[in-house]
Amino acid sequence: MDDGPRIGVWVCECGGNIGGVVDVEEVVERFRGYVAEVSKETFLCSKPAIDGIRDAVIKQGLEGVILACCTPKMHLETFMRSLEEAGLNRAYIEVVNIREQCSWVHMADPAGATQKTIDLIRGAVERVRCSTPLEPLRMKVIPEVLVIGGGVAGITASLRLAEFGMKVHLVEKRPSIGGHMIQFPKVFPTLDCSQCILTPKMASVSKNPNINLITYAEVSEISGVPGDYTVKVTLKPRGVDLEKCTGCGECSPVCPVEVPNEYDESLGSRKAIYVPFPQSVPPAYTVDFGSCILCGKCLEVCAPDAIILDDRPKEIELRVGAIIIATGYELYDPMNLSNYGYGKYPNVVTGLEMERILDVNGPGMGQLLVPKTQRPIKSVGYILCAGSRDPENGKPYCSKVCCLYALKQAQMLRDRGVEVWLHYIDIRAPGRRYEEFYRATQEKGAMFVKGKVTEVLPYSEKLLVRGEDMMLNIMVENLYDLVVLCPPLVTSDDTLKLAKGLRVPVDEDGFILERHPKLDPLATKRDGVFAAGVVTGPKDIQTTTSEAEGAAMKAVNFLSKERLIEPNKAVIYASLCDGCGACIEVCPESAITLRDGRAQINELLCSGCGACIPSCPKEAMDQQGLSESQLKAQIRGILEPSEAEIKIIAFVEGEVAYTAVDLAGLARIGYPSSFRIIPLPSMSRLKLSHILYAFALGADGVMLLEAPEHEGPYGRAHAISEKRAEEYRLELEDHGIDSVRLWFSRIYIPDWRKLERVFKVFHSTIEGEGPLDPETRAFLRNRLGLT
Amino acid sequence: MNEEMPEDLEVLIKEKVVHCFQCGSCVGSCPTARAIPEYNPRRMMEELILGRWREVLSGRMIWLCTLCHTCYEVCPQGVGISHIIVELRNHAARLGLAPPEYLNNVRQVASTGWTSPLTGAVQRIRKELGLPEVKMARVEEVGRLIELTELRRMMEEKPG
């Protein structure tokens, strides 16, 4: 025995699950004298057994524990917790998977399974002998949240956070919060008044002491790390002192400038000093310096002296721990759809413009009038999918809300006696009470024509809409006073800019990418950055508010305790680094920067994938918890003293591919016992020297089982490894090793059945090649400086 | 017609036609459909998807298209209907399913080089309008083209 840590080995029989195949007695005998303590248990996971290990650790002063049992996915955490309480550091606890990887898959080969068990345990013992203690990084988080976007998503999230007691900074780019929802007169499927339900929430935001409301402002820069971000916010010059303005409204009537009102989608007008709408929050006025002529008339009537005509943009800085992106959407520009005549004919409008036309406080003040011409609207034709479900001319996706809001507007129009025709491809109304809402619209007498409209043409004061009626199989040419286009909701340039600043990836349509579309839809790919509402794709208000509530809770969770950061980070030996920057190029997390001519790792950004380490030409990098010496010791322990005829080291990606291997075990799929598995975060952690080392010490083949690109916690690193494996294959040839001895596959969890074939094919390839010849091994040992 | 589906037609359907989601944009924009109500490219695409390619090839619809390509422009799914119709015509012709009027037209081209006959009336009108006299086309070159494009075989197999 060497001078390393005192190690105890426990081998589990798992009833007969392991003991029925592996000769556990023999295994125990082999390690007697090799380690300080070795024994077997019928069920290692039982409470008495765990307590026994704890006692042994304490009484015998053990410094390392190897547990040979089932997959670490089963009980590793339980073992860890219990042994850490006994004073062991987690770096000195190893679980060796001898059930899923030995007894269950080599039932017909008990001798091979026993030999493999011995080898795997020896690998773990040698690895632990090279371990150094690991301490998770502890980081204090800033218990404050930045919510970007003051629509219904941002409002809901802010209120929920504030209710919990969290400090919130809500940044909105327009002069008032309320978003698009405040533009709608009614919402589906309840037809209740949108402003009536949203206005009280807006007022709560302004009154809540936990919410710092920052309107007419934009996030200009974000730096820092999850848990502690520094955010620069640019306040646009508002021209009005928020503290002083009472919202009395004396200024607006005297202002001589009249410009289109954004709130009315430019169908109405406002003054250069204005509130967007009467219930604006904050209720203060805003000077639009883009159109203000600085005549000063407003100054004369402002009693509280709140107007500042020489106002300048200001920058403020916030420190927050988490961020919620709730920047919503824009409408796809229907000017791109030239056959529908938007922008050419005043009586072609968008669904959003129609919301304003329908509002009793809209530009028509309750009358249904065609914009500009002011003709009364007696008939309306809706064109659904105006640019959605159209990868050729618009967006490929279904915009999800258009069918429903068209139905809503149709009901409102029918209630006022207007003739309504909806031209659709499919009416999509899945959602609570939505199909019923469709029925109600039919009952109110709206007409439905299946067939996409192809053309809108002027016809005296009306419009001629041409399309197919697919049900009747005839051409339709209908005349309407007004045509409403339903273009898709799209992401905005502001969202894209923000995503870029936050380094949050977006999908092909520019929507924020969820961490996982099914299982983690409110988190982005960045820790501490969450998203709610249409920023992640078109959706209705119900879903948006649910997401906002969820995102708020996720932020609370994230900030509720100090962050423990896994100590699995890459490290750089500064004295060896020459600042070449190769690692910076490779790092999928952008966690490495050059400082004073040397690479420096941001431990909070580093994911621990290990992809940078092989890229360093100076061998100046290593990884905590998976050091070069640990990895080599494990390879050596597994291979060198082994008596197996053919030995194959299989490096397996630790989450996805490893689980597939476990599933193959669970299904008792049989494969040759020549494979010895070493899990890695990603195959990109592997250097050529690791593979050469394995061959030098007895491997006859090396297999790399990688997860698919972008799957698992180190998904981005998996993109790199395949190309590297290709290069390694060429290098092997240069070292006199046939490249067929290196195998690379990507394994997806449902692919576990395929593993049987993968293992068998590679084994028979290596069997056919025969063991690597001793001269090559000797040459490699010499090259690698091994004795 | 008992033939198996030609392979390139199968590829065309699998790669292009299957994306048709029956929105009716093609019919709505089609000048032929406006004049001939039973002409319906959307239904043709649906028949192809549902395996009724024999019916489509032996029917008269594919020959009614004027190849104005408006459907090609408006289709949101990029099906490329007018191009598909050209392919369908080629397949139909190879299988001897081209209508006699069409073959007569080919014969006309083969013998004169023109799609419409040079009648006395045409020559008279040209003269009145002061247009130059029409020179004869190089019929042997046209004939060569007809050989290369398999039109000759088609005409011989199914005399109109």
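All of these numbers come straight from a predicted model, not from anything done at the bench.

## Focus on the overall build of chain A
The helix and strand inventory of chain A stands at 21 helices and 40 strands. With respect to the three principal axes, the spread of C-alpha positions in chain A is 95 × 65 × 55 Å. For chain A, the proportion of its 787 residues judged to be buried stands at 58%. One finds the centroid of the 89 positive side-chain charges in chain A at a distance of 3 Å from the centroid of its 105 negative side-chain charges.

## Examining the overall build of chain B
Assigned secondary structure in chain B consists of eleven helices and zero strands. Along chain B, helices and strands appear, N-terminal first, in the series α-α-α-α-α-α-α-α-α-α-α. Across its three principal axes, chain B shows a C-alpha extent of roughly 55 × 35 × 25 Å. Across chain B, the fraction of contacts at a sequence separation of at least 24, relative to all contacts at a separation of at least 6, is 67%. Just so you have it, chain B exposes about 9,400 Å², and 54% of that area is on carbon and sulfur atoms.

## Things to note about the packing of aromatic side chains
All names here are of chain A. Under the definition given, this model contains 13 aromatic pairs over all chains. With a centroid separation of 6.2 Å and an interplanar angle of 75°, the aromatic rings of Phe530 and Phe558 are classed as edge-to-face. Remark: Phe558 occurs in helix α14 (residues 541-559) and Phe530 occurs in strand β31 (residues 529-531); sequence separation between them is 28 residues. Accessibility expressed as a relative area gives 5% for Phe530, which makes it buried. Joined through ring pairs, the aromatic side chains of Tyr671, Phe675, Trp743, Phe759 and Phe762 make up one cluster. The aromatic ring of Phe184 is capped on one face by Lys408, whose charged end is 5.0 Å from the ring centroid.

## Some words on the domain arrangement of chain B
Taken as a whole, chain B is organised into domain 1 (7-94) and domain 2 (100-157). The distance between the C-alpha centroids of domain 1 of chain B and domain 2 of chain B comes to 28 Å.

## Observations regarding the nonpolar core
Residue and element names in this part refer to chain A. If you look at the biggest cluster of nonpolar residues, it comprises 77 residues, and the most contacted ones within it are Leu67, Ile121 and Phe651. There are two domains that each give this core at least three residues, and those are domain 1 (1-134) and domain 5 (645-787). Look past the residues within four positions of Phe651 in its chain and what remains in contact with it is Ile635, Ile678, Leu680, Met683, Leu686, Val702, Met703, Leu704 and Leu705. Listed in part, the 76 residues of the second largest apolar core include Phe188, Leu198, Val205 and Val556.

## Comments concerning the packing of helix α5 (residues 110-129) of chain A against helix α16 (residues 628-639) of chain A
All names here are of chain A. At a minimum axis distance of 7 Å, the contact between α5 and α16 shows a crossing angle of 150°. Comparing their axes, α16 and α5 come out roughly antiparallel. Relative to α16, α5 is oriented so that their crossing is right-handed. Contacts between α5 and α16 involve Asp119, Leu120, Arg122, Gly123, Glu126 and Arg127 from the former and Gln630, Ala633, Gln634, Gly637 and Ile638 from the latter. Along the lines of polarity and charge, the residues of the contact of α5 with α16 split into three nonpolar, four polar and four charged.

## Topic: unusual backbone geometry
The linkage connecting A:Phe188 with the following residue, A:Pro189, adopts the cis geometry, with an omega of -5°. With respect to the secondary-structure elements, A:Pro189 resides in the loop between β8 (186-187) and β9 (192-193). In this model, A:Ser590 sits at a positive phi of 50°, which is unusual for a non-glycine residue. The exposure class assigned to A:Ser590 is partly exposed, which follows from its relative accessible area of 40%. Positive phi values are uncommon outside glycine, yet B:Gln22 reaches one of about 60°. Among the secondary structure elements, B:Gln22 is positioned in the loop between α1 (7-15) and α2 (25-29). We classify B:Gln22 as buried; its relative accessible area is 12%.

## Remarks on the sheet that holds strand β26 (residues 474-480) of chain A
All names here are of chain A. The strand order across the open sheet built from three strands is β24-β25-β26, with neighbouring strands paired in antiparallel fashion. Sheet topology places β24 (453-459) and β26 at the edges, where each strand pairs with a single neighbour. Pairwise comparison of adjacent strand axes, ignoring direction, gives a mean angle of 25° for this sheet. Strand direction decides the pairing type here: β24 and strand β25 (residues 462-469), joined by six bridges, are antiparallel. Looking at β25, one finds that Pro458 is bridged to Leu463.

## A look at the environment of A:Cys403
Residue and element names in this part refer to chain A. By the secondary structure assignment, Cys403 is in helix α11 (residues 402-415). For Cys403, a relative accessible area of 10% puts it in the buried group. Placed 23 residues apart in sequence, Cys403 and Asp426 show a C-alpha to C-alpha distance of 8.7 Å. Here Cys403 is in contact with Leu384, Asp426, Ile427 and Arg428, once residues within four sequence places are set aside.

## Digging into the state of the cysteines
Applying the stated criterion across every chain, the model contains one disulfide over all chains. Sulfur-sulfur distance for the disulfide between A:Cys193 and A:Cys196 comes to 2.2 Å. Disulfide A:Cys193-A:Cys196: torsion about the S-S bond near 85°, hence right-handed. The structure places no disulfide on A:Cys583, whose sulfur is separated from the nearest cysteine sulfur, that of A:Cys577, by 6.3 Å. Judged by relative accessible area, A:Cys583 falls into the buried class, the value being 7%. For B:Cys71, which is in no disulfide, the shortest distance to another cysteine sulfur is to B:Cys65 and amounts to 6.0 Å. According to the relative accessible area criterion, B:Cys71 is buried, its value standing at 12%.

## Points about the domain arrangement of chain A
Split into domains, chain A comes out as domain 1 (1-134), domain 2 (144-326 + 491-559), domain 3 (330-489), domain 4 (564-623) and domain 5 (645-787). Using C-alpha coordinates to define each centre, domain 1 of chain A is positioned 57 Å away from domain 2 of chain A.

## Side note on the pattern of salt bridges
Residue and element names in this part refer to chain A. In this structure the tally under the stated criterion is 63 salt bridges over all chains. Between Arg466 and Glu477 there is a salt bridge whose closest N-O contact spans 2.6 Å. Separated by eleven residues along the polypeptide, Arg466 in strand β25 and Glu477 in strand β26 bring together distant segments of the chain. We classify Glu477 as partly exposed; its relative accessible area is 38%. Of the charged contacts, one joins Asp700 and Arg777 as a salt bridge, the two residues approaching to 2.6 Å between their closest N and O atoms. With Asp700 in the loop between α18 (688-696) and β39 (701-706) and Arg777 in helix α21 (residues 774-783), the pair connects residues that are 77 residues apart, well separated along the chain. Exposure class is identical for Asp700 and Arg777. Each is buried. Connected through shared salt-bridge partners, Glu619, Asp622, Glu628, Arg685 and Lys687 make up one network.

How each quantity is defined
Residues numbered from 1 in each chain as written. Chains lettered and ligands numbered in written order. Predicted model: local features only at pLDDT ≥ 70, side-chain atom pairs only at ≥ 80, totals over all residues. Heavy atoms only, no water. Helix = DSSP H or I, 4+ residues; strand = E, 2+ residues; numbered from the N terminus. Buried < 20%, exposed > 50% of the residue type's maximum accessible area, 1.4 Å probe, protein only. Lys, Arg positive; Asp, Glu negative; His and termini not counted. Charge placed at Lys NZ, Arg CZ, Asp CG, Glu CD. Contact = heavy atoms within 4.5 Å. Areas by Shrake-Rupley, 256 points an atom, 1.4 Å probe, with all protein chains shown as cover. Phe/Tyr/Trp six-rings, centres within 6.5 Å; stacked < 30°, edge-to-face > 60°. Lys NZ or Arg CZ within 6 Å of the ring centre and 35° of its normal. Domains from an automatic or database assignment. Core = buried A, V, L, I, M, F, W, Y, C linked by side-chain atoms within 4.5 Å. Axes fitted to C-alpha atoms, helices over the stretch in contact; angles between N-to-C directions. Parallel < 35°, antiparallel > 145°, perpendicular 65-115°, else oblique. Left-handed = near helix turned anticlockwise from the far one by under 90°. Nonpolar A, V, L, I, M, F, W, Y, C, P; charged D, E, K, R; others polar. Pairing = 2+ DSSP bridges. Disulfide = S-S within 2.5 Å. Salt bridge = Lys/Arg side-chain N within 4 Å of Asp/Glu carboxyl O.

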